[in-house]
Amino acid sequence: MDEYPGKIRLVIKFYPYKYRDFAHIAAQAALSARSQGKFEQMHYKMLAESPKLDKASLMRYASEIGIDAKRVAADIEKMTDSATIERDKKLATDMDLFNTPALFVNGRRILGNVPYEYLKKAIVEELDALGKK
Amino acid sequence: MLWAKSKATIVAALAVLMLAGCSAVNMASGDSGERGLSPLAPLGEVPIPKDNPMSEAKVELGRMLFFDRRLSGDGTMSCASCHMPEMAFTDSLPISLNYPTTRNWRNSPTLINIGYARTLFHDGRAVSLEEQALFPMMSAFEMNQNLDFMEEEIREVPQYVAAFKDAFGAGVTRYRIAQAIAAYERTIVSKNVPLDRYLAGDVSALSADAKAGMELFLGKAGCIRCHGGAYMSDGGYHANGVPENEMVTDDPRTAITVRFVAKVSGYEDYENLTEDPGRYLVTKRPRDWKAFRTPTLREVARTSPYMHNGVFATLEEVIEFYDGGAGEGNSERLAPLGLSADEKRSLMLFLTEALSGNEIEVKYPKIP
């Protein structure tokens, strides 16, 4: 995103792993942060702190990035955005996706943990194809 | 059969060697698996083991199982997760996909022509496809399945019970699951590539540049020393000093995998192991330290990234690696090749043009 400003757009979908204790509440915490205008900060904070994603930790991260932690806790309690999360999970299932991360660069499927250079090559090729580089 | 070739074929292969001015070099035999220099040859029929004859019913059953995620503990992984047909039966990643929350540590090899391989895995720890198939299912960082549980999961599906009866005249067992998958894998074949046609006498099958590349392959570049024969692999193990991949050495989750594999392989100092010992884990012989199985070069253009740890993204990088005399401490005493830029280009053309066939069509099964 930093390297190609204005040329690429990142769309994130949720796919909380079914056997991870905190995956669903972490997705909810991210959406709660989004409703408070700080999705990106929460997203990166959780990635950095993973797998410490229990409710108390999520509230602490919320405070650290400057959003209302109590609101995050309430959203987790109610799973306010479960419809969004379930919609994304269904999308993944419909697309036969079971691995994370699963990235699509203009439709080009890249599964798994890939080095940055690998991803960059795909981005450059797609930008080239669009004449945007 | 694999080793049976017509006299005409052998003559054609020898003629190629003579054209290239390459004399046969006797390699050290023994642990490295070499059995003398094998000339290139057209690929014959896939060898079929006597105790697992092919049948249409068995191949179809194997195809279903190959794509079935029931074979993994959490239902997220099938054999095809790491051997995707649209990616030349690899996952195209430097380090192969992993079971969720874990990390793998090696590259996923292609299954194209895997039926010709004498041993399986980068360290050769399986000697048949039947033996190989169950390893990833049990592996904690691959499919993480319990085989007793898996048998019952498959037995629960009436279509599978019927398919096993058709294929084997018997019920579901883990070994028959492996046999069916192995039978399917033996159908994943690429032959009659330009090199095969050239060796069979069609001199127009290769361009002049590709022919020049082949001469380098057989001669100055010395690739034939390990990549000879119809399968283009000596089936041996070589410590070429391939650099470590930081994806393996720098990720604490991969460190878990390294120690785990060493532990279950009986490596005494597994708690302090931080690198991949390769074939040594199987044999415990010092000369096998960091030795890895020679892969086939057939369809190599489509199976990037390369080496057991996917450390090289392109064939150009692989050529540069060997042109520089391979890696530090390589036990093969490989010297720099001194290839010119034109020679590297020709070699590259041979590897891409001569060894690539048509896309393999895959019929995706309906999973019951």
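Residues numbered from 1 in each chain as written. Chains lettered and ligands numbered in written order. Predicted model: local features only at pLDDT ≥ 70, side-chain atom pairs only at ≥ 80, totals over all residues. Heavy atoms only, no water.

This paragraph deals with the overall build of chain A. Scanning chain A from terminus to terminus reveals 6 helices and 2 strands. For chain A, the spread of C-alpha atoms along the principal axes amounts to about 45 × 30 × 25 Å. Counting only residues that meet the buried cut, chain A has 35% of its 133 residues in that class. Across chain A, 23 positive and 19 negative side-chain charges occur, with their mean positions spaced 2 Å apart. (Helix = DSSP H or I, 4+ residues; strand = E, 2+ residues; numbered from the N terminus. Buried < 20%, exposed > 50% of the residue type's maximum accessible area, 1.4 Å probe, protein only. Lys, Arg positive; Asp, Glu negative; His and termini not counted. Charge placed at Lys NZ, Arg CZ, Asp CG, Glu CD.)

Residue and element names in this part refer to chain A. In terms of strand pairing, strand S1 (residues 102–105) meets strand S2 (residues 108–111) through 4 bridges, oriented antiparallel. From the neighbouring strand, Val105 faces S2, where its bridge partner is Arg108. Linking two consecutive strands that pair antiparallel, namely S1 and S2, is a turn of 2 residues; a positive phi of about 50° is found at Asn106 within it. (Pairing = 2+ DSSP bridges.)

Remark: the empty space left among the atoms is shown by a probe the size of a water molecule rolled over them. Residue and element names in this part refer to chain B. Inspection of the entire model under this criterion finds 4 cavities of 30 Å³ or more. A volume near 100 Å³ is recorded for the largest cavity. Tallied by class, the residues present in the lining of the largest cavity amount to 5 nonpolar, 6 polar and 2 charged. If you count residues domain by domain, the lining of the largest cavity takes at least three from each of domain 2 (56–185) and domain 3 (247–288). (1 Å grid on protein atoms, 1.4 Å probe; cavity = no way out; pocket = protein on both sides within 12 Å on 5 of 7 lines; lining within 4 Å. Points joined across faces, edges and corners; volume = space filled by probe spheres on them. Nonpolar A, V, L, I, M, F, W, Y, C, P; charged D, E, K, R; others polar. Domains from an automatic or database assignment.)

Before going further, it helps to examine the packing of helix H3 (residues 55–64) of chain A against helix H4 (residues 69–78) of chain A. Residue and element names in this part refer to chain A. Here H3 crosses H4 at 145°, and the two axes come no closer than 8 Å. Both H3 and H4 take part in a crossing whose hand is right-handed. Contacts from Lys55, Leu58, Met59, Ala62 and Ser63 of H3 reach H4 at Ala69, Val72, Ala73, Ile76 and Glu77. When grouped by side-chain class, the residues that make up the contact of H3 with H4 number 7 nonpolar, 1 polar and 2 charged. (Axes fitted to C-alpha atoms, helices over the stretch in contact; angles between N-to-C directions. Left-handed = near helix turned anticlockwise from the far one by under 90°. Contact = heavy atoms within 4.5 Å.)

This brings us to the environment of A:Gly112. When you line up the elements, A:Gly112 lands in the loop between S2 and helix H6 (116–130). A relative accessible area of 2% means that A:Gly112 is categorised as buried. Sequence separation of A:Gly112 and A:Ala102 is 10 residues, and the distance between their C-alpha atoms is 6.2 Å. Once residues within four sequence positions are removed from consideration, A:Gly112 is found in contact with A:Pro101, B:Leu93 and B:Leu97.

Residue and element names in this part refer to chain A. Assigned domains of chain A: these are domain 1 (1–96) and domain 2 (99–133). On the domain 2 side, the residues contacting the 6 residues of domain 1 number 9 residues. Note on domain 1 versus domain 2: buried area summed over both sides is about 710 Å², and carbon and sulfur give 63% of it. On the surface where domain 1 and domain 2 come into contact, there are 1 salt bridge. The shortest N-O distance in the salt bridge between Glu3 and Lys120 comes to 2.7 Å. For the interface between domain 1 and domain 2, the tally reads 2 residue pairs in polar contact (both at pLDDT 80 or more). The residue makeup of the side of domain 1 that touches domain 2, split by class, is 4 nonpolar, no polar and 2 charged. (Buried area = accessible area lost by both parts, 1.4 Å probe. Salt bridge = Lys/Arg side-chain N within 4 Å of Asp/Glu carboxyl O. Polar contact = N/O pair within 3.5 Å; in protein donor to acceptor, adjacent residues only side chain to side chain.)

Residues and elements named next belong to chain B. If you walk through the whole model with that rule in mind, you get 16 aromatic pairs over all chains. Taking the centre distance of 5.2 Å and the plane angle of 75° together, the rings of Phe66 and Phe67 count as edge-to-face. Exposure class is identical for Phe66 and Phe67. Each is buried. Ring plane angle 25° and centroid distance 6.5 Å describe the contact between Tyr267 and Trp289, whose orientation is recorded as stacked. Linking Tyr267 in the loop between helix H11 (252–264) and helix H12 (280–283) with Trp289 in the loop between H12 and strand S2 (292–293), this pair joins segments that are 22 residues apart in sequence. Taking the relative accessible area as the measure of exposure, Tyr267 reaches 14% and is therefore buried. Among the aromatic side chains, those forming a connected cluster through ring pairs are Phe66, Phe67, Tyr184 and Tyr364. For Arg125, the ring lying beneath its charged end belongs to Phe121, and the centroid distance is 3.6 Å. Stacked on the ring of Phe135, the Lys or Arg Arg125 has its end atom at 5.1 Å from the ring centre. (Phe/Tyr/Trp six-rings, centres within 6.5 Å; stacked < 30°, edge-to-face > 60°. Lys NZ or Arg CZ within 6 Å of the ring centre and 35° of its normal.)

The next thing to look at is the domain arrangement of chain B. Residues and elements named next belong to chain B. Segmenting chain B into domains produces domain 1 (2–45 + 191–242 + 290–354), domain 2 (56–185) and domain 3 (247–288). Residue-level contacts link 11 residues of domain 2 with 15 residues of domain 3. For the pair domain 2 and domain 3, the summed buried surface comes to about 1100 Å²; carbon and sulfur atoms form 68% of the total. At the boundary of domain 2 and domain 3, one finds 2 salt bridges. At the junction of domain 2 and domain 3, the tally comes to 5 residue pairs in polar contact (both at pLDDT 80 or more).

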